[in-house]
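Chain residues, written in single-letter form:
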Amino acid sequence: MTLDKTPIGSSVRIVSIEGPDFLTLRLMEMGMVPGAPARVIKSAPLGDPIQVCLGDYHLALRRNEARTITVAMDD
Amino acid sequence: MSAATKTFPGSKVRPSRLPDLHQTLTVAVAGNPNTGKTSLFNTLTGLRQKVANYPGVTVESKQGQWSVATDCLVRLIDLPGLYSLEATSIDEQIARDVLLGRTSKIAQPDVVIVTVDATNLIRNLYLATQLIETGLPMVVALTMFDLAERSKLHIDVQKLSEALGVQIVPVVAKRRGGIDELGQAVLTAAAAGSRQKPGWQFSISGQNQTSSVSNLSRESWQELLTARYRWIERVVSETTHNDEAKQPNISERIDAFVTHKFLGPLILVLVMLFIFQTIFSWANLPMNLIDHVFSALGAGLRAHFPPGILTDLLVDGVIAGVGGVLVFLPQILLLFLFITLLEDSGYMARAAFLMDRLMRAFGLHGKAFVPLLSSFACAVPGIMATRTIENPKDRVATIMIAPFMSCSARLPVYTLMIAAFFSGQKVLGFISLGAVMILGMYLLGIGVAIIVAWILKHTLLNAPSPPFMMELPPYRLPNFANVAHTLLARVGVFLKQAGTVIMAISILMWVLVTFPRASATNAGSDHATQVENSYAGQGGRMIEPLITPLGFDWKIGIALISSFAARETVISTLSIVYKVGDDSGADSTSLVAAMRNAKRADGSRVWNPLVAVSLMVFFVLACQCMSTVAIVRRETNSWRWPLFMISYMLVLAYVGSFVAYQGGRLIGLG
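To start, this report covers the structure provided alongside it. Note that the structure is predicted; figures quoted are calculated from it, not measured. (Residues numbered from 1 in each chain as written. Chains lettered and ligands numbered in written order. Predicted model: local features only at pLDDT ≥ 70, side-chain atom pairs only at ≥ 80, totals over all residues. Heavy atoms only, no water.)

### Description of the packing of helix H8 (residues 250–258) of chain B against helix H13 (residues 347–360) of chain B
Residue and element names in this part refer to chain B. For clarity, the threshold we go by: For helices, the axis comes from a line fit to the C-alpha atoms of the stretch in contact; other axes are also lines fit to C-alpha atoms, and the angle between any two N-to-C directions lies between 0 and 180 degrees. By definition, any uninterrupted DSSP run of H or I lasting at least four residues is a helix, any uninterrupted run of E lasting at least two residues is a strand, and each is numbered from the N terminus. Roughly parallel here means an angle under 35 degrees, roughly antiparallel means over 145, roughly perpendicular means 65 to 115, and every remaining angle is called oblique. The sense of a crossing depends on the near helix, which, turned anticlockwise from the far helix by less than a right angle, makes the crossing left-handed and, turned clockwise, makes it right-handed. The contact criterion used throughout is that any non-hydrogen atoms of two residues lie within 4.5 Å. Note on residue categories: nonpolar means Ala, Val, Leu, Ile, Met, Phe, Trp, Tyr, Cys or Pro, charged means Asp, Glu, Lys or Arg, and polar means any other residue, Gly included.
Packing of H8 against H13 leaves a shortest axis separation of 12 Å and a crossing angle of 45°. On the basis of the axis angle, H8 is oblique to H13. Remark: the crossing between H8 and H13 carries right-handed chirality. Counted together, Ser251, Asp255 and Val258 of H8 and Tyr347, Arg350 and Leu354 of H13 form the full contact between these two elements. Its residues placed into classes, the contact of H8 with H13 shows three nonpolar, one polar and two charged.

In structure tokens, the structure reads:
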């Protein structure tokens, strides 16, 4: 499953990032490393971008970017 | 753990035994955005700071003096916020280049203070560990320490300090807590000199983590990056503990309203409405006051100085010019007060979050929303507010379209035209035609702005959109001292940079309407004759063939020329050429009557509703504001963009007026 398809409110773990290098690098530097826990908080009123809680902080990213992030449901 | 531990005395502070060589010590404050970096910088330097641009770019450079001890002054640099040494924006590049000593223009700092947000340790330590690996003398300032304590997060500072190999000083900038300790730590680090590389290992097959990722395979840097985060997570879990289970986040609860599907946009509208109301109406009082003070000053000078060219220059050129600049101050102050509050409280990021989808449709960034909306009050502070947009091309695109937002200076022009030609008329029986016209002018500006933004983003400013990744920082109460600092800096920039250009242009405009002097026999007797014979008057006649297709005669031409400096002067100029006294305002009945009765040489009327519409369209689209030009020059750091802006907006204004006037005639209006 990718992050943009993750239902609002669910907790996931990052599996991998498949985007172009510059994007993957920045996402990982912001803490989206494999194994890191993430929670999809909400999407903006027009459906995009989405707000993700990453460890101790919140990050907004567009669905285009979220699509490159593979996640697994946390259970 | 590493050799570095020998060079610092732990979190206990030792009195400095350092000689006076620190007179010239350069210390840089670096850290992630939203970590209280600027707040710390302001606390350390107080008012002894100056804001400038880094050479060649528009990134702001803030430097100040910090008296660490009574006899020790340090040069402090506030670097732009950065998330990593792998820079993705100009801001980050500059911070990195200064830190790594890669720029010849700014010396590499002797000591680096890294701000680390205690409430967001893991991500903050990512940059901190990168910086520690550079071996530069370093001190970590643990900010938001009080907030961490309050949320029952306990950090073993001593232990964390040992793990990282640098001294850590908890600071609470607001209360100056930890400031003396930070000073001592900086001096100690400076005396110890460069440190040995830290003890941790993130290397794979001989590759060192500090080498740029561009030399590594994708797998390698991903592995290194993950290893670094794993290491940080382990260190943080070993050095911190939470007394209670994680409490529900306050910011999340505020966000439940502020970025709610329906409430969010509503709150945004209300916030902007409040700001607008303030800028439009509350700013009026101080603006009128400034206006009156300068008029009185001019009148006073005229009364006490012998009449002559010098007095005219002083009164009509210098004083009127300076007054014309200062009159913007209340609006700029108020708008920046609000923008700083929105920024520091964390709301600005939410506004961008709400608006990003809509702005993206025009190729712009969510962060362009507030500057553009502010430009409805005045493009000058709006353009200054684009600094929050990191991507330079997005920023220039936003600056280029900001003047299309109908600003408060256009309102008097619209008001005059409507008073003269559309008053009392109704649409559908109950809506005032004037209101519809004004709304139409606002919409015209917005529509053209959207098209221009789209074209610019696909031509001159074409670039792959940088990923939209924006931290939504926790809500925080803005710090009064910080807000005051930002306001002072903004006002200083406006007065110094815009002031000089505006003064020069207003003197030029004065020359254009004053020379050549009317013949000696009636010199000074008739202001209107003087204006008609001046260079501006001659210019008006010269451009008459050009503006006839727009429905304008040469008298309107004079008004157009003089309104290049500032739109609202069109009214005083029209008053002069129609000889109704140059102190009448937009609601002047005598000016309205004079315009309605004005005749061309062939006896036909100059003005009709269609000419009024054509003129309004011209005012919507033309860049007739020297303050805007001056501020664009300052914000883009070149004359290229302001000149481009003047020219393309002039072309658009001409085409717009032409289409309005000729189109109107075709369908039988006018």
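### Comments concerning unusual backbone geometry
The condition that has to hold: To sort residues, take the accessible area from a 1.4 Å probe on protein chains only and compare it with the maximum for the residue type: under 20% means buried, over 50% means exposed, and anything in between is partly exposed.
A cis geometry characterises the amide bond from A:Asp48 onward to A:Pro49, with omega recorded as -5°. Topologically, A:Pro49 is positioned in the loop between strand E2 (37–43) and strand E3 (50–54). Backbone geometry places B:Arg176, a non-glycine residue, at a positive phi of 55°. Its location among the elements puts B:Arg176 in the loop between strand E8 (167–170) and helix H6 (179–192). In this structure, B:Asn637 is a non-glycine residue whose phi angle is positive, near 60°. Mapped onto the secondary structure, B:Asn637 falls in the loop between helix H27 (626–636) and helix H28 (640–666). Of the residues examined, B:Asn637 reaches a relative accessible area of 30% and is grouped as partly exposed.

### Things to note about a nonpolar patch on the surface
All names here are of chain B. To be explicit about the condition: A patch consists of residues whose relative accessible area exceeds 30% and which take part in no salt bridge; residues with like charges are grouped when within 9 Å of each other, and nonpolar side chains (Val, Leu, Ile, Met, Phe, Trp, Tyr) when within 5 Å. Note that accessible areas follow from Shrake-Rupley with a 1.4 Å probe, and for residues the cover is restricted to the protein chains shown. Whenever a carboxyl oxygen of Asp or Glu lies within 4 Å of a side-chain nitrogen of Lys or Arg, that contact is scored as a salt bridge.
There is a patch of nonpolar side chains on the surface, built from Phe257, Leu263, Leu266, Leu270 and Leu273 and spanning about 500 Å² of accessible area. Broken down by element, the nonpolar patch gets its largest block of residues, four residues, from helix H9 (residues 263–282). One can find Leu263 in helix H9. Here Leu263 falls in the partly exposed class, since its relative accessible area comes to 34%.

### Quick word on the packing of aromatic side chains
Residue and element names in this part refer to chain B. How we decide: The pairing test for Phe, Tyr and Trp rings, Trp by its six-membered ring, is centres within 6.5 Å, and the orientation test on the planes gives stacked under 30 degrees, edge-to-face over 60, and tilted for anything in between. Whether a charge lies above a ring is judged from NZ of Lys or CZ of Arg, which has to be within 6 Å of the ring centre and within 35 degrees of the ring normal.
One pass over the full model with this rule turns up nine aromatic pairs over all chains. Centre to centre, the rings of Tyr126 and Tyr229 are 5.2 Å apart; their planes meet at 15°, and the pair counts as stacked. Note that Tyr126 is positioned in helix H3 (residues 121–132) and Tyr229 in helix H7 (residues 218–239), a separation of 103 residues in sequence. One exposure class covers both Tyr126 and Tyr229, and it is buried. With a centroid separation of 5.6 Å and 80° between ring planes, the pair formed by Phe274 and Phe338 is classed as edge-to-face. Of the two residues, Phe274 sits in helix H9 while Phe338 sits in helix H12 (residues 329–345), which places them 64 residues apart along the sequence. Taking relative accessible area as the criterion, Phe274 reaches 42% and is therefore assigned partly exposed. On the basis of relative accessible area, Phe338 is assigned to the buried category, the value being 13%. Put simply, the rings of Phe404, Trp641, Phe644 and Tyr648 pair up and form one aromatic cluster. A cation over a ring is seen here: Arg350 above Tyr475, with NZ or CZ 4.1 Å from the ring centre.

### A few points about the interface of chain B and chain A
Interface size is often expressed as the accessible area that is lost when the parts come together. Test applied: When two parts are put together, the accessible area they lose, computed with a 1.4 Å probe and summed over both, is reported as buried area. What qualifies as a polar contact is a pair of N or O atoms within 3.5 Å, subject to a donor-acceptor requirement within protein and to the restriction that residues adjacent in sequence count only when both atoms come from side chains. At least two bridges found by DSSP between two strands is the condition for calling them paired.
Opposite the 42 residues of chain B that make contact, chain A presents 39 residues. Summing the contributions of chain B and of chain A, the shared interface buries around 3500 Å²; its carbon and sulfur component is 58%. Here chain B is connected to chain A by five salt bridges. Across the pair B:Asp356 and A:Arg62 runs a salt bridge, and its minimum N-O distance is 2.7 Å. Taken together, chain B and chain A are joined by 18 residue pairs in polar contact (both at pLDDT 80 or more). Listed by contribution, the elements that provide at least two residues to the side of chain B that touches chain A are H3, H7, H8, H13 and strand E12 (469–472) of chain B. A total of seven residues in the side of chain B that touches chain A trace back to one element, the largest contributor, which is H7(B). Counted by class, the side of chain B that touches chain A contains 18 nonpolar, 11 polar and 13 charged residues. Two elements, strand E4 (residues 57–61) of chain A and E12(B), share four bridges in a ladder whose sense is antiparallel. Paired with A:Leu59 across the bridge in E12(B) is B:Glu471.

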